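# Chains, contacts and geometry: an overview
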Amino acid sequence: MDDEKISQFIKDRYGKIARGEETFCCPTCGPTPGDQCLAVGYTPEDLASVPERAILGVGCGNPTSLAELREGETVLDLGAGAGIDVFLAAKRVGKQGRVIGVDMTADMVAKGMALAREHGFSNVDFRLGEIEQLPVAAATVDVIISNCVINLTRDKLASFREAYRVLKPGGRILISDLVTEGEIPDDVRKSFVAWADCLAGAMDKEDYLRTIRDAGFEEVAIVSQRPYESQEIDPRLKGKITSVNVRAVKGS
Ligand SMILES: C[S@@+](CC[C@H](N)C(=O)[O-])C[C@H]1O[C@@H](n2cnc3c(N)ncnc32)[C@H](O)[C@@H]1O
């Protein structure tokens, strides 16, 4: 498959979601973005504490709740979307801390920046860029979070190597993502829609953990996992998609 075409398809899809022209699930077939978030681990208090328009219902976990963020830390969110996790992290790290959200879809970045301005978040920054080539200086970040994004990247090893590069020694990652357990039909792997739905690009669970280790990370561990059931998926995929929260550290 052509990497450029997949990337453009994903940008178009998430651009429409950012502009409110589409929801992740079709409007009549499923829950609201807020319900979707509750189903993947956010609390009602989490949702009440962030700008409502940042809640898109496109994540598969709640990484800030597991990242043990501390006051003053610098956090990077890979594929930040409209910023739900950026805003949650910003509250946890406080005014002395800083949160950077990177996303490759211009409308997502514009929306995150507008929400930050409107809601007075002075410790956040949204940047346009790709995870495989982060617009972030080396060894400047304490914690990296990400929510249902690495599966969308074509080169997972490059993505984790970049994460490793920008982390300070001793820094950590807490990644919520979808992985596969069992064979995924070829036609699904080749479907642009399934790519944008975070399914076609999902990697086998053991390969995923190995890739994180290959990028240099240590103490790679699944913090929690559960079957992914939060949207109408192809019946052939039932039981084969798992939502994982993975933690790892960059040695000091
Ligand atoms: C499923 S959404 C998740 C958004 C956000 N993390 C959330 O939970 O609301 C995926 C996001 O990742 C972005 N994305 C996908 N591939 C990317 C890449 N290679 N580099 C940067 N951003 C990417 C998309 O533009 C989209 O906003």
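In what follows, the structure referred to is the one given above.
These lines cover the structure that appears in this document, whether it is placed above or below. Once a new chain begins, its residue numbering starts again from 1 and follows that chain's sequence as written. In keeping with the model being predicted, local features are shown solely for residues with a pLDDT of at least 70 and side-chain atom pairs are shown and tallied solely at 80 or more, while totals for entire chains, interfaces and linings include all residues.

### Focus: the overall build of the protein chain
In plain terms, the rule: Numbered from the N terminus, helices here are DSSP runs of H or I no shorter than four residues, and strands are runs of E no shorter than two. Each residue is classified by how many other C-beta atoms fall within 10 Å of its C-beta atom, where C-beta atoms are placed from the backbone; a count of 20 or more means buried, 12 or fewer means exposed, and values in between mean partly exposed. Placing C-beta atoms from the backbone, we regard two residues as in contact once those atoms come within 7 Å.
Of the regular secondary structure elements, the protein chain holds ten helices and eight strands. The proportion of buried residues among the 252 residues of the protein chain is 49%. Of the contacts made within the protein chain by residues no fewer than 6 positions apart, 73% connect residues no fewer than 24 positions apart.

### So, the environment of F9
Along the chain, F9 turns up in helix α1 (residues 3-18). Placed 183 residues apart in sequence, F9 and F192 show a C-alpha to C-alpha distance of 6.9 Å. Sequence-distant contacts of F9, that is, excluding residues within four places in its chain, are made with F192, W195 and A196.

### So, the site of the ligand
The test is simple: We call a residue near a molecule or strand when the C-beta position, derived from backbone atoms, sits within 6 Å of it. Each residue is assigned to one class: nonpolar for Ala, Val, Leu, Ile, Met, Phe, Trp, Tyr, Cys and Pro, charged for Asp, Glu, Lys and Arg, and polar for all the others, Gly among them.
Not every one of the 24 residues close to the ligand is listed here, only the nearest: G59, G79, G81, M104 and T105. Contributions of two or more residues to the shell around the ligand are made by α1, α5 (84-93) and β2 (98-103). Here the residues of the shell around the ligand are counted per class, giving 14 nonpolar, six polar and four charged.

### Things to note about the packing of helix α7 (residues 156-166) against helix α10 (residues 205-214)
Convention followed: Helix axes use the C-alpha atoms of the stretch in contact, all axes being lines fitted to C-alpha atoms, and the angles between their N-to-C directions lie in the range 0 to 180 degrees. Oblique is the label for every angle not falling under 35 degrees (roughly parallel), over 145 degrees (roughly antiparallel), or within 65 to 115 degrees (roughly perpendicular). Handedness of a helix crossing follows the sense of rotation of the near helix relative to the far helix, less than a right angle counterclockwise being left-handed and clockwise being right-handed.
The interhelical angle for the contact between α7 and α10, taken along N-to-C directions, is 45°, at an axis separation of 8 Å. As far as their axial angle goes, α10 and α7 are oblique. Crossing of α7 against α10: the hand is right-handed. For the pair α7 and α10, the contacting residues are K156, L157 and F160 in the first and T211, I212 and D214 in the second. Taken together, the residues of the contact of α7 with α10 break down into three nonpolar, one polar and two charged.

### Side note on helix α6 (residues 106-118)
Put simply, the rule is: Between the first and last residue of a helix there are one fewer steps than residues, each counted as 1.5 Å, and that sum is the expected span. An arc is given here, and it is the one of the directions from the helix axis to the C-beta atoms.
In this model, α6 (13 residues) spans 18 Å end to end at C-alpha, consistent with the 18 Å of a helix rising 1.5 Å per residue. For α6, the set of buried residues is M108, V109, K111, G112, L115 and A116. One side of α6 holds all its buried residues, which, seen down the axis, span an arc of 165°. When the buried face of α6 is taken as reference, the exposed residues oriented beyond 90 degrees from it are R117 and E118. In this structure, the buried residues of α6 make contact with α1, α5, β2 and β3 (124-128). Directly after α6, the chain includes G120, whose backbone phi takes a positive value near 70°.

### Quick word on the nonpolar core
Cut-off, in case you're wondering: Each nonpolar core consists of buried Ala, Val, Leu, Ile, Met, Phe, Trp, Tyr and Cys residues. Their C-beta atoms, within 7 Å, join them into a set.
In this structure, L76, A89, I144 and L178 are the most contacted members of the largest nonpolar core, which totals 74 residues. Those residues in contact with A89, other than ones at most four positions away along the chain, are T64, L69, V75, D77, V99 and I145.

### Let's talk about the pairing of strand β1 (residues 74-78)
It is a general feature of regular strands that their side chains alternate between the two faces of the sheet. Heads up, the condition is: Only when DSSP finds a minimum of two bridges between them are two strands counted as paired. Convention used here: a crossover is right-handed provided that the path from the first strand, over the helix, to the second strand proceeds clockwise when the strands point away from the viewer.
Here β1 lies mainly inside the structure; five of its five residues are buried. Residues T74, L76 and L78 line one face of β1 and the alternating positions V75 and D77 line the opposite face, and both faces are buried. Here five bridges tie β1 to β2, and the two strands are oriented parallel to one another. Residue T74 lies in a different strand from β2, and its bridge partner there is R98. Tracing the backbone out of β1, into α5 and back to the parallel element β2 gives a crossover that is right-handed. Pairing of β1 with strand β4 (residues 141-147), which is carried by four bridges, proceeds in the parallel orientation. Residue pairing across strands places L76 opposite I144, the latter belonging to β4.

### A closer look at the packing of α1 against α6
Contact pair α1 / α6: the axes reach a minimum separation of 7 Å and the direction vectors enclose 30°. When the interaxial angle is binned, α1 and α6 end up roughly parallel. Between α1, through Y14, G15 and A18, and α6, the contact on the second element is made entirely by D107, M108 and K111. Considered class by class, the residues forming the contact of α1 with α6 number three nonpolar, one polar and two charged.

### Considerations on the environment of E21
Topologically, E21 is positioned in the loop between α1 and α2 (33-39). Overall, the presence of 9 C-beta atoms within 10 Å leaves E21 in the exposed class. Here the alpha-carbon distance between E21 and G171, two residues 150 residues apart in the chain, equals 38 Å.

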